Amino acid sequence: MPVIETSGLTKKYGEFLALDRLNLKVDEGEVLGLLGPNGAGKTTTLLMLTTLLKPTAGTARVNGFDIIKEPGKVRQSIGIVFQDPSSDDILTGYENLKLHGMLYSMPPALRERRIGEVLELVELSDRKDSRVRQYSGGMRRRLELARGLMHHPRILFLDEPTLGLDPQSREYIWGYIHNLARQEKVTVIITSHYMEEVDRLCTRLAIIDEGAVVALDTPANLKRVIGGDVVSLRLRRNRDGMFSHLDFVRKAETKGGMTYLTVVNASERLPEILRAAGMDAVSVEVHSPTLNDVFFHYTGKEIREGSGEGSWGERSITYSGKR
């Protein structure tokens, strides 16, 4: 039985369709990523699954409980780390966790034991008596992750958990999430528009655009759909059929002043591509398929963030010059 199952889950705000008939099944221990730009429907999905927002139509079951009929039981089963900081900064880290345990009616002995365990997990034991206002952004996010885990949830919802954090803090958070899913079988639902984050963490990835899931698979399988390397060209003039005679070019698209070619063994074919472009080539970049390419493939849009496209071992070759 899936830990999370949605059936026709829909949300409308007036005439605006924020989420369109989402049908989804998530198994125990999965890390499912919801990838899409702001306004795609990612946070709306989380708000409904966590009972903070009622659907317009459809329903969902979380840990076997109906989100509409049994919201209290759903909330007992889940932990949440919100996109915006939500810990009380005039309290200490310890006091924030104690308050959370009291709100969940945890017995005092269990509450104290869990406070010690989660503080150790996120490496904040030595700062438990410091006020949260004295924490760095990364420390505060780690405390909120600890708070979300206090009551042993089966499912953890993370809404842009590393937004605005420095690279070192993001690495910390990624490590915790990976270990939770692998060692404690916690199911994790994470929203993000950081490509390398979902590529590294997620066992499966749902690409959401304009309220609908347009693709759902493992990151590796999604990138395999591209069917070759991607060559990005900036041209002075894009002539019709410029690359049509090249049989190794599987696909050619133009978007936002750039031409994108899907090419087999692109680095070896680069001289032929440049000859075909001639004097019109201003710059060219070759890279292995990324999730940005996948997103473009399914939506015709880019979701590129300046924070590390090409990370995690992706090959990139760039040429730029005047002719």
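Bear in mind the structure is a predicted one, so any value in this text is a computation, not a measurement.

Undergrad: Would you explain the overall build of the protein in this entry?
TA: Helix and strand counts for the protein come out as 10 helices and 15 strands. For the protein, the spread of C-alpha atoms along the principal axes amounts to about 75 × 45 × 35 Å. Counted over contacts in the protein with a minimum sequence separation of 6, partners at least 24 positions apart contribute 70%. For the protein, the accessible surface area stands at approximately 15200 Å², while carbon and sulfur atoms represent 49% of it. Both charge centroids of the protein, one from 44 positive and one from 43 negative side chains, sit 2 Å from each other.

Undergrad: Would you take a moment to explain unusual backbone geometry for this structure?
TA: Peptide bonds are mostly trans, and most non-glycine residues show a negative phi. The phi angle at T51 is positive, at roughly 70°, despite the residue not being glycine. On the secondary structure map, T51 appears in the loop between helix 1 (42-49) and strand 4 (57-62). For T51, a relative accessible area of 12% corresponds to the buried category.

Undergrad: In this structure, what is going on with the nonpolar core? I would like to understand it.
TA: Buried together is how nonpolar side chains tend to be arranged in soluble globular proteins. With 47 residues, the main nonpolar core has L97, L156 and L158 as its most contacted residues. For L158, the contacting residues outside a window of four places in its chain are L46, V81, L145, I177, V188, I189, I190 and T191.

Undergrad: Hey, could you run me through the layout of surface pockets in this one?
TA: Remark: the empty space left among the atoms is shown by a probe the size of a water molecule rolled over them. Here the largest pocket defines a volume of roughly 230 Å³. Split by residue class, the lining of the largest pocket holds five nonpolar, six polar and two charged.

Conventions we followed
Residues numbered from 1 in each chain as written. Predicted model: local features only at pLDDT ≥ 70, side-chain atom pairs only at ≥ 80, totals over all residues. Heavy atoms only, no water. Helix = DSSP H or I, 4+ residues; strand = E, 2+ residues; numbered from the N terminus. Contact = heavy atoms within 4.5 Å. Areas by Shrake-Rupley, 256 points an atom, 1.4 Å probe, with all protein chains shown as cover. Lys, Arg positive; Asp, Glu negative; His and termini not counted. Charge placed at Lys NZ, Arg CZ, Asp CG, Glu CD. Buried < 20%, exposed > 50% of the residue type's maximum accessible area, 1.4 Å probe, protein only. Core = buried A, V, L, I, M, F, W, Y, C linked by side-chain atoms within 4.5 Å. 1 Å grid on protein atoms, 1.4 Å probe; cavity = no way out; pocket = protein on both sides within 12 Å on 5 of 7 lines; lining within 4 Å. Points joined across faces, edges and corners; volume = space filled by probe spheres on them. Nonpolar A, V, L, I, M, F, W, Y, C, P; charged D, E, K, R; others polar.

Functional significance is not addressed by these values, which are geometric in nature.
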